[in-house]
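Listed here are the chains, written in short residue letters.
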Amino acid sequence: MKAPLIFPALLWAAVLFFFIGTLQATDTPRDQTTPQPPITEKQLKSAANSSLWRLKYAIDKEGFYAARVALNIWRSNALDAGVFDQAEYDAYKKKIYDKSIQNSLQCFEYAIQHENVTDARICLYTWKAHSEEMGTFDADLYEEMHKKIK
């Protein structure tokens, strides 16, 4: 009986937080904010180096999406610092996608061995999307893998 009462309570809480946030956001007039000092070149390069370290860590230890986000953050920081190298970007992107493609193939085989059709299908489509992105898609292998699902 208490379950139907949860939704109205959550709705009121969301409305309350929205209005409190709106009031707090408009408390300070724009002309009273203190100007921030300009960012130095040293700070920009430090941010680029830090995000490069995070990118390498994400590629080694984290998943595809975390690595893609880290790649985009590094690219942005490196562009701001003036140290961006397109070849280096392409190499990291290739490494991320290659790792994902290999993980998707392993995931597919594991799912097939354990007769988990849903996971096998997800892994197959992930492999297909990432291999198409990298230009390594093999239609014959895809058909062979798709037949294993059925």
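Values in this document were obtained by computation on a predicted structure and should not be read as measured data.

## Considering the overall build of the protein chain
Here comes step 1: Of regular secondary structure, the protein chain possesses six helices and zero strands.
Here comes step 2: From first element to last, N terminus to C terminus, the protein chain shows the α and β order α-α-α-α-α-α.
Here comes step 3: Restricting to contacts in the protein chain with at least 6 residues of sequence separation, those with at least 24 account for 53%.
Here comes step 4: As displayed, the protein chain has an accessible area near 11200 Å², and 59% of this comes from carbon and sulfur atoms.

## Quick notes on the nonpolar core
Here comes step 1: Residues Leu-55, Ile-59, Leu-71, Trp-74, Tyr-92 and Ile-96 are the most contacted members of the largest nonpolar core, which totals 14 residues.
Here comes step 2: Put simply, the parts of the chain that give this core at least two residues each are helix H2 (41–61), helix H3 (64–81) and helix H4 (86–113).
Here comes step 3: Counting residues per element, this core draws most heavily on H3, which supplies six residues.
Here comes step 4: Ignoring sequence-local partners within four residues, the contact set of Tyr-92 consists of Leu-52, Leu-55, Lys-56, Ile-59, Leu-71 and Trp-74.
Here comes step 5: Counting 10 residues, the second-largest nonpolar core is a separate cluster that includes Ala-111, Ala-120, Met-145 and Ile-149.

## Some words on the pattern of salt bridges
Between side chains of opposite charge, a pair can form as their charged atoms come close.
Here comes step 1: This structure, assessed with the given rule, holds four salt bridges.
Here comes step 2: Here Glu-109 and Lys-148 are joined by a salt bridge, their closest N and O atoms 3.6 Å apart. With a gap of 39 residues between them, Glu-109 in helix H4 and Lys-148 in helix H6 (residues 139–149) connect regions that are remote in the sequence.
Here comes step 3: On the accessibility criterion, Glu-109 (34% relative accessible area) is partly exposed.

## Quick notes on the packing of aromatic side chains
Here comes step 1: Counting across every chain of the model gives eight aromatic pairs.
Here comes step 2: A centroid spacing of 5.0 Å and a plane angle of 85° characterise the contact between Phe-64 and Tyr-65, whose relative ring orientation is edge-to-face.
Here comes step 3: For Phe-64, a relative accessible area of 16% puts it in the buried group.
Here comes step 4: Ring geometry for Trp-74 and Phe-84: centres 5.7 Å apart, planes at 45°, overall tilted. Here Phe-84 lies in the loop between H3 and H4 and Trp-74 lies in helix H3, a separation of 10 residues in the sequence.
Here comes step 5: Judged by relative accessible area, Trp-74 falls into the buried class, the value being 3%.
Here comes step 6: You can call Phe-84 partly exposed: its relative accessible area is 24%.
Here comes step 7: Within the aromatic cluster, the residues linked to one another by ring pairs are Trp-74, Phe-84, Tyr-89 and Tyr-92.
Here comes step 8: Positioned above the aromatic ring of Tyr-142, the side-chain terminus of Lys-128 is 5.0 Å from the ring centre.

## Overview of the packing of H2 against H3
Here comes step 1: Between H2 and H3, whose axes approach to 8 Å, the crossing angle comes to 160°. Between H2 and H3, the angle is such that the two are roughly antiparallel. With respect to the hand of their crossing, H2 and H3 are arranged in left-handed fashion. Taking contact as the criterion, the partners of Leu-44, Lys-45, Ala-47, Ala-48, Ser-51, Leu-52, Arg-54, Leu-55, Ala-58 and Ile-59 in H2 are, on H3, Ala-66, Ala-67, Ala-70, Leu-71, Ile-73, Trp-74, Asn-77, Ala-78, Asp-80 and Ala-81.
Here comes step 2: Among the residues making up the contact of H2 with H3, the classes are represented as 15 nonpolar, two polar and three charged.

Cut-offs applied
Residues numbered from 1 in each chain as written. Predicted model: local features only at pLDDT ≥ 70, side-chain atom pairs only at ≥ 80, totals over all residues. Heavy atoms only, no water. Helix = DSSP H or I, 4+ residues; strand = E, 2+ residues; numbered from the N terminus. Contact = heavy atoms within 4.5 Å. Areas by Shrake-Rupley, 256 points an atom, 1.4 Å probe, with all protein chains shown as cover. Core = buried A, V, L, I, M, F, W, Y, C linked by side-chain atoms within 4.5 Å. Buried < 20%, exposed > 50% of the residue type's maximum accessible area, 1.4 Å probe, protein only. Salt bridge = Lys/Arg side-chain N within 4 Å of Asp/Glu carboxyl O. Phe/Tyr/Trp six-rings, centres within 6.5 Å; stacked < 30°, edge-to-face > 60°. Lys NZ or Arg CZ within 6 Å of the ring centre and 35° of its normal. Axes fitted to C-alpha atoms, helices over the stretch in contact; angles between N-to-C directions. Parallel < 35°, antiparallel > 145°, perpendicular 65-115°, else oblique. Left-handed = near helix turned anticlockwise from the far one by under 90°. Nonpolar A, V, L, I, M, F, W, Y, C, P; charged D, E, K, R; others polar.

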